[in-house]
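Spelled out from the first residue to the last, the chains are:
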Amino acid sequence: MTYDRSDADRDEMYERLSDELYPQHRDQAVVEFTSERLRSFYVANPLVMRPAMEAIQEGRHLLRNGHWSAALVFFVTAIEGLLKATLLKPVVHGLVHSEGLANVVVEQALGQAGFDRYTGLLAKLFSELVDMDIRSVKIAGSAQKLLEECTALQRERNAIVHQGTSSSKERAEHALRVASAVLDLIVHPMLLHLDLYEVENGEIRRIGS
């Protein structure tokens, strides 16, 4: 397919419109458009976060009853649900204008086993949308970065599931702290940026609704 005069004229028209609407703030225009698409995804899918919240509740129940290894497995499942399904999938849909392409990108990202496979993507998106460097986020008093702790716990979960290793009460409680920190320090700031908030059982609503 060749690029002809009509294509050039159309591009020139879009360029003029962009200059008139956002003469010195094109990057901001992109962010605004992306934020609106992202907000629309959550409004249309208000329960996208619920499975992760249910996993946290199940993990708490197992923790109270002394099932340390099972509790850790559910807390890591919750972490994956918060980072992948709750954040990565909607953000990619918000950035990719083609629905088909968005689905391909999401499947490629979600199909990777380790958190570190898509940390760079999340970090870039959070930097642009929320002005946050999520790779530097830490739990208060912790020397390790939060996403690094997520990766370590994922490896621990995999060892439990695939190698039959066992966890401890301390590690299960730590997994709960990490899951709670992902919710409070990463997920909630994104929702707040979009004028959204979480209600009971992980349902997402617009502020003021």
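Everything numeric in this text was worked out from a predicted model, so none of it was measured.

Assigned secondary structure in the protein consists of eight helices and two strands. Traced from its N-terminal end to its C-terminal end, the protein shows the element sequence α-α-α-α-α-α-α-α-β-β. For the protein, the proportion of its 209 residues judged to be buried stands at 41%. For the protein, the exposed surface amounts to about 11,700 Å²; the carbon and sulfur share of it is 51%.

We now examine helix H6 (residues 119-129). Three or four residues apart is the spacing at which side chains of an α-helix point the same way, because the helix has 3.6 residues per turn. For H6, the complete set of buried residues consists of Thr119, Leu122, Ala123, Leu125, Phe126 and Leu129. Within two residues after H6, Asp131 carries a phi angle of roughly 55 degrees, on the positive side.

The subject of this paragraph is the confidence of the model for the protein. Of all residues in the protein, 72% attain a pLDDT of 70 or more, and the chain-wide mean is 82. Across the protein, the element-wise mean pLDDT spans from 54 in helix H1 (residues 5-21) up to 97 in helix H3 (residues 50-64).

Now for the environment of Arg64. Take Arg64: it is sitting in helix H3. The class for Arg64 is exposed, based on a relative accessible area of 63%. Taking the C-alpha atoms as reference points, Arg64 and Lys169, separated by 105 residues in sequence, lie 9.8 Å from one another.

Next up on the list: the pattern of salt bridges. By the definition in use, this model includes four salt bridges. Arg39 serves as the salt-bridge partner of Glu36, at 2.5 Å between the closest nitrogen and oxygen. Note that Glu36 and Arg39 are positioned in helix H2 (residues 26-44) at a spacing of three residues, about one turn of the helix. Judged by its relative accessible area of 37%, Glu36 falls in the partly exposed class. The class of Arg39 is buried, set by a relative accessible area of 11%.

Our focus in this paragraph is the environment of Lys138. Tracing the sequence through the fold places Lys138 in the loop between H6 and helix H7 (146-163). Each C-alpha atom of the pair Lys138 and Val178 lies 9.5 Å from the other, and the pair is 40 residues apart in sequence.

Next up on the list: the nonpolar core. Tyr42, Leu83, Leu87, Phe126 and Val182 are the most contacted members of the largest nonpolar core, which has 52 residues in total. Among the secondary structure elements, those contributing two or more residues to this core are H2, H3, helix H4 (68-95), H6, H7 and helix H8 (169-193). With 12 residues, H8 is the largest single contributor of residues to this core. Excluding its chain neighbours within four sequence positions, the residues that come into contact with Val182 are Ile79, Leu82, Leu83, Leu146, Cys150 and Val187.

Attention now moves to the packing of H3 against H8. Angle between the axes and distance between the axes: these two values describe a pair of packed helices. Look at H3 against H8: their axes get within 11 Å of each other, and the N-to-C directions meet at 155 degrees. As judged from the angle between their axes, H3 and H8 are roughly antiparallel. Viewed along their axes, H3 and H8 form a crossing whose handedness is left-handed. For the pair H3 and H8, contact is made by Met53, Ile56, Arg60 and Leu63 and by Lys169, Ala172, Glu173, Leu176, Ala179, Ser180 and Leu183, respectively. Residues that form the contact of H3 with H8 fall into these classes: seven nonpolar, one polar and three charged.

Take H3 next. Taking 1.5 Å per residue, 15 residues should reach 21 Å; H3 reaches 21 Å between its end C-alpha atoms and fits that length. Listing the buried residues of H3 in full gives Ala52, Met53, Ala55, Ile56, Gly59, Leu62 and Leu63. Taken from the residues just after H3, Gly66 is the one with a positive phi, measuring 80 degrees.

About the thresholds
Residues numbered from 1 in each chain as written. Predicted model: local features only at pLDDT ≥ 70, side-chain atom pairs only at ≥ 80, totals over all residues. Heavy atoms only, no water. Helix = DSSP H or I, 4+ residues; strand = E, 2+ residues; numbered from the N terminus. Buried < 20%, exposed > 50% of the residue type's maximum accessible area, 1.4 Å probe, protein only. Areas by Shrake-Rupley, 256 points an atom, 1.4 Å probe, with all protein chains shown as cover. pLDDT = per-residue confidence, 0-100. Salt bridge = Lys/Arg side-chain N within 4 Å of Asp/Glu carboxyl O. Core = buried A, V, L, I, M, F, W, Y, C linked by side-chain atoms within 4.5 Å. Contact = heavy atoms within 4.5 Å. Axes fitted to C-alpha atoms, helices over the stretch in contact; angles between N-to-C directions. Parallel < 35°, antiparallel > 145°, perpendicular 65-115°, else oblique. Left-handed = near helix turned anticlockwise from the far one by under 90°. Nonpolar A, V, L, I, M, F, W, Y, C, P; charged D, E, K, R; others polar. Expected span 1.5 Å × (residues − 1).

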